[in-house]
Amino acid sequence: MVQYKLSYFPVRGLGEVSRFIFHYANIPFEDNRIGGDDWQKYKSETPFGQMPVLEADGKVLAQSFAIARYLARKHGLAGKDDWESAQLDSIADLLKDFNTELRPYFGIIMGHSKDNKDEVYKTVFKPTLEKNLPILEKLLKDSGSGFFAKSGVSWVDFHVASYIETLEGLGPDVVANYKEITKHKAKVYALPQLKKYLDSRPKTQF
Amino acid sequence: MVQYKLMYFPVRGLGEMARLILHYANVPYEDKHISFEEWPNMKTTTPFGQLPILEVDGKPLAQSFAIARFLARKHGLAGKDDWESAQLDAIADFMKDVATECRPYFMALMGRGEGDKDELYNTVFKTSMEKNMPVLEKLLKESGSGFFAKSGVSWVDFYIANFMETFEELGPSVMSAYKDLLKHKETVYALPQLKKYLESRPKTQF
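Residues numbered from 1 in each chain as written. Chains lettered and ligands numbered in written order. Predicted model: local features only at pLDDT ≥ 70, side-chain atom pairs only at ≥ 80, totals over all residues. Heavy atoms only, no water.

**Re the overall build of chain B**
Working step 1: Helix and strand counts for chain B come out as 9 helices and 4 strands.
Working step 2: Computed over the C-alpha atoms, the radius of gyration of chain B is 17 Å, within 12% of the 17 Å expected from 2.2 N^0.38 for a compact globule of 206 residues.
Working step 3: Dimensions of chain B along its principal axes, counting C-alpha atoms only, are 45 × 40 × 30 Å.
Working step 4: The buried share of chain B, reckoned over its 206 residues, is 54%.
Working step 5: Put simply, 67% of the contacts in chain B that link residues at least 6 apart link residues at least 24 apart. (Helix = DSSP H or I, 4+ residues; strand = E, 2+ residues; numbered from the N terminus. Rg over C-alpha atoms; globule rule 2.2 N^0.38 Å. Buried < 20%, exposed > 50% of the residue type's maximum accessible area, 1.4 Å probe, protein only. Contact = heavy atoms within 4.5 Å.)

**Quick notes on the overall build of chain A**
Working step 1: Across its full length, chain A holds 8 helices and 4 strands.
Working step 2: The linear arrangement of helices and strands in chain A, starting from the amino end, is β-α-β-α-β-β-α-α-α-α-α-α.
Working step 3: Along the first, second and third principal axes, the C-alpha set of chain A runs to 50 × 45 × 30 Å.
Working step 4: Taking all 206 residues of chain A together, 52% fall into the buried category.
Working step 5: Within chain A, counting contacts between residues at least 6 apart in sequence, those at least 24 apart form 67% of the total.
Working step 6: Looking at chain A as shown, the accessible area adds up to about 9600 Å², and 51% of this sits on carbon and sulfur atoms. (Areas by Shrake-Rupley, 256 points an atom, 1.4 Å probe, with all protein chains shown as cover.)

**Things to note about helix H1 (residues 16-24) of chain A**
Note on helix geometry: an α-helix contains 3.6 residues per turn, so any two residues three or four positions apart are oriented the same way.
Working step 1: For H1 of chain A, the tally of buried residues reaches 7 of 9 residues, placing the bulk of the element in the interior.
Working step 2: Turning to H1 of chain A, its buried residues number three or more, namely Glu 16, Val 17, Ser 18, Arg 19, Phe 20, Ile 21 and Phe 22 of chain A.

**Digging into the side chain of His 184 of chain A**
Residues and elements named next belong to chain A.
Working step 1: Tracing the chain through its elements places His 184 in helix H7 (residues 179-189).
Working step 2: Engagement of the side chain of His 184 in a polar contact is seen with the side chain of Asp 157, the distance being 2.7 Å.
Working step 3: Those residues in contact with His 184 that sit more than four places away from it in its chain are Leu 140, Gly 146, Phe 147, Phe 148, Asp 157, Val 160 and Ala 161. (Polar contact = N/O pair within 3.5 Å; in protein donor to acceptor, adjacent residues only side chain to side chain.)

**A word on the UniProt feature "domain: GST C-terminal" (unreviewed entry) in chain B**
Working step 1: The sites that UniProt annotates as "domain: GST C-terminal" (unreviewed entry) are residues 81-206 of chain B.
Working step 2: Along residues 81-206 of chain B one finds 73% helix and 0% strand; the C-alpha atoms at either end are 32 Å apart. (UniProt positions renumbered as here; feature names shortened; annotations may be inferred.)

**Overview of the interface of chain A and chain B**
When the parts of a complex come together, some accessible area is lost, and that lost area is often used as the size of the interface.
Working step 1: In this complex, chain A contributes 29 residues to the contact, which on the side of chain B involves 29 residues.
Working step 2: In total, chain A and chain B occlude about 2500 Å² of area from one another, counting both sides; carbon and sulfur atoms represent 62% of this.
Working step 3: The largest share of the area that chain A buries against chain B comes from Phe 48, Trp 83 and Asp 93 of chain A, three residues that together contribute 25% of it.
Working step 4: Applying the counting criterion to the chain A and chain B interface returns 4 salt bridges.
Working step 5: One salt bridge in this structure joins Asp 93 of chain B and Lys 96 of chain A, with 3.3 Å as the shortest N-O distance.
Working step 6: For the interface between chain A and chain B, the tally reads 10 residue pairs in polar contact (both at pLDDT 80 or more).
Working step 7: Residue assignment for the side of chain A that touches chain B shows that the elements contributing at least two residues are strand S4 (59-62), helix H3 (64-74), helix H4 (82-109) and helix H5 (117-143) of chain A.
Working step 8: Of the residues assigned to the side of chain A that touches chain B, the class counts are 15 nonpolar, 5 polar and 9 charged. (Buried area = accessible area lost by both parts, 1.4 Å probe. Salt bridge = Lys/Arg side-chain N within 4 Å of Asp/Glu carboxyl O. Nonpolar A, V, L, I, M, F, W, Y, C, P; charged D, E, K, R; others polar.)

**Structural notes on the UniProt feature "domain: GST C-terminal" (unreviewed entry) in chain A**
Working step 1: Within the UniProt annotation, "domain: GST C-terminal" (unreviewed entry) is assigned to residues 81-206 of chain A.
Working step 2: Helix and strand shares over residues 81-206 of chain A are 69% and 0% respectively, and the end C-alpha atoms of the span are 32 Å apart.

**Notes on the environment of Met 7 of chain B**
Residue and element names in this part refer to chain B.
Working step 1: With respect to the secondary-structure elements, Met 7 resides in strand S1 (residues 4-8).
Working step 2: On the basis of relative accessibility, which here comes to 7%, the residue Met 7 falls in the buried class.
Working step 3: The contacts of Met 7, once residues within four sequence positions are left out, are Lys 32, Ile 34, Met 42, Leu 51, Pro 52, Ile 53 and Glu 55.

**A few points about the UniProt feature "domain: GST N-terminal" (unreviewed entry) in chain B**
Working step 1: Sites flagged by UniProt as "domain: GST N-terminal" (unreviewed entry) map to residues 2-79 of chain B.
Working step 2: Span residues 2-79 of chain B is 31% helix and 22% strand, its end C-alpha atoms 23 Å apart.

**Points about the pattern of salt bridges**
Working step 1: According to the stated counting rule, one finds 35 salt bridges over all chains in the structure shown.
Working step 2: For Arg 19 of chain B, the salt bridge is made with Asp 31 of chain B, and the minimal N-O distance between the two is 3.0 Å. Taken as a pair, Arg 19 of chain B in helix H1 (residues 16-24) and Asp 31 of chain B in strand S2 (residues 30-33) lie far apart in primary sequence, 12 residues in all.
Working step 3: Overall, Asp 31 of chain B belongs to the partly exposed group, its relative accessible area being 28%.
Working step 4: In this structure, Lys 185 of chain B engages Glu 186 of chain B in a salt bridge whose closest nitrogen and oxygen atoms are separated by 3.3 Å.
Working step 5: Assessed through its relative accessible area of 46%, Glu 186 of chain B is described here as partly exposed.
Working step 6: One network of salt bridges, with partners in common, ties together Arg 12, Glu 16, Arg 19, Asp 31, Arg 33, Glu 165 and Arg 201 of chain A.

**Some thoughts on the domain arrangement of chain A**
Residue and element names in this part refer to chain A.
Working step 1: Here chain A is partitioned into domain 1 (4-75 + 193-200) and domain 2 (82-191).
Working step 2: In this structure, domain 1 and domain 2 have C-alpha centres spaced 21 Å apart.
Working step 3: Listed per partner, the contact involves 17 residues of domain 1 and 16 residues of domain 2.
Working step 4: For the domain 1 and domain 2 pair, buried surface summed over both sides reaches about 1500 Å², with 64% attributable to carbon and sulfur atoms.
Working step 5: Where domain 1 touches domain 2, the interface holds 3 salt bridges.
Working step 6: A salt bridge links Arg 73 to Asp 82; its shortest N-O distance comes to 3.2 Å.
Working step 7: Across the domain 1-domain 2 interface, the total number found is 8 residue pairs in polar contact (both at pLDDT 80 or more).
Working step 8: Going through the elements one at a time, H1, H3 and helix H8 (195-200) are the ones with two or more residues in the side of domain 1 that touches domain 2. (Domains from an automatic or database assignment.)

Dropping the structure here:
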């Protein structure tokens, strides 16, 4: 049996998708949550000076989407064929672009940036949400399965749901009008295979 | 036979790796250039309001990496197994992070962003290259094949060689330090399967 260790900060962020995969597929793994000095010590050992990092029998793989896709493919969570896998890849990368556009706002929330929060909310955050969330909702409608792939749940559902959880946490009105995407998050979080983990995992803002 | 149509702007940018894959694998396709002028009219007809788009027998696939990975998997350009594919995915996503980091410089250069381009050259571009290019060179050394995968050429070699072509022209004094990456670019561009295309394609700055 493969020995897995996932190293990431003690937040959801870019690591949660892979934690969900492990728990959904009922694969034992070491959920190595590190930060601070431990991270500084570990950093130079990582391929790109970043986390998450996956160790599989001691061999190292970096980058959140590479890790998630690798694990997902092994456990039937990457679409039913190469075409569906590719569609899922495109949705994940769209979300990555979406997050990149929102960075100026998250930077303020996390205290990295001193720009004006209300100003950036108006000029960056709200328009970016209004552009991207309808696209995600249309994809869900077109799929018809309740998940992003017609064939069923995938790693991309896990990643999107965790992101929507973060957006919801920013304020009661942030995504409340987007019924399809909030319904999707609820559906993912109701998956029986995730229940034990969701009940026990630490609550974090990001 | 599958009908492929790749739609992208008349630049290399995020479309070139798909073009290189198709030429390398000798797969016929329609290389449709969408001008910047006609793009606003076409934008709403695309899945995510972005290019490139690959149409496969009329069905659209968005996002440059999803497209490249899909084509690469079909044509033996995505590593020899799932682990090597994942390592390649990680390198590509790392490079995407680097490109995102450099974006303020590129936007200023194209007159589409704030800030002084000469200042950003030093504070953003040069800093990013000095931090990140050695990481790529180390990966090349570890591979030993002359390409990023031990097993041989892949879509990620095309992606990175294309970036190096752009970066080298924009910052020759910074990039000249990275001899292994420049050599890698030459190795990729010397592949006989690419010769005809490289000689005939339009020369573009990006």
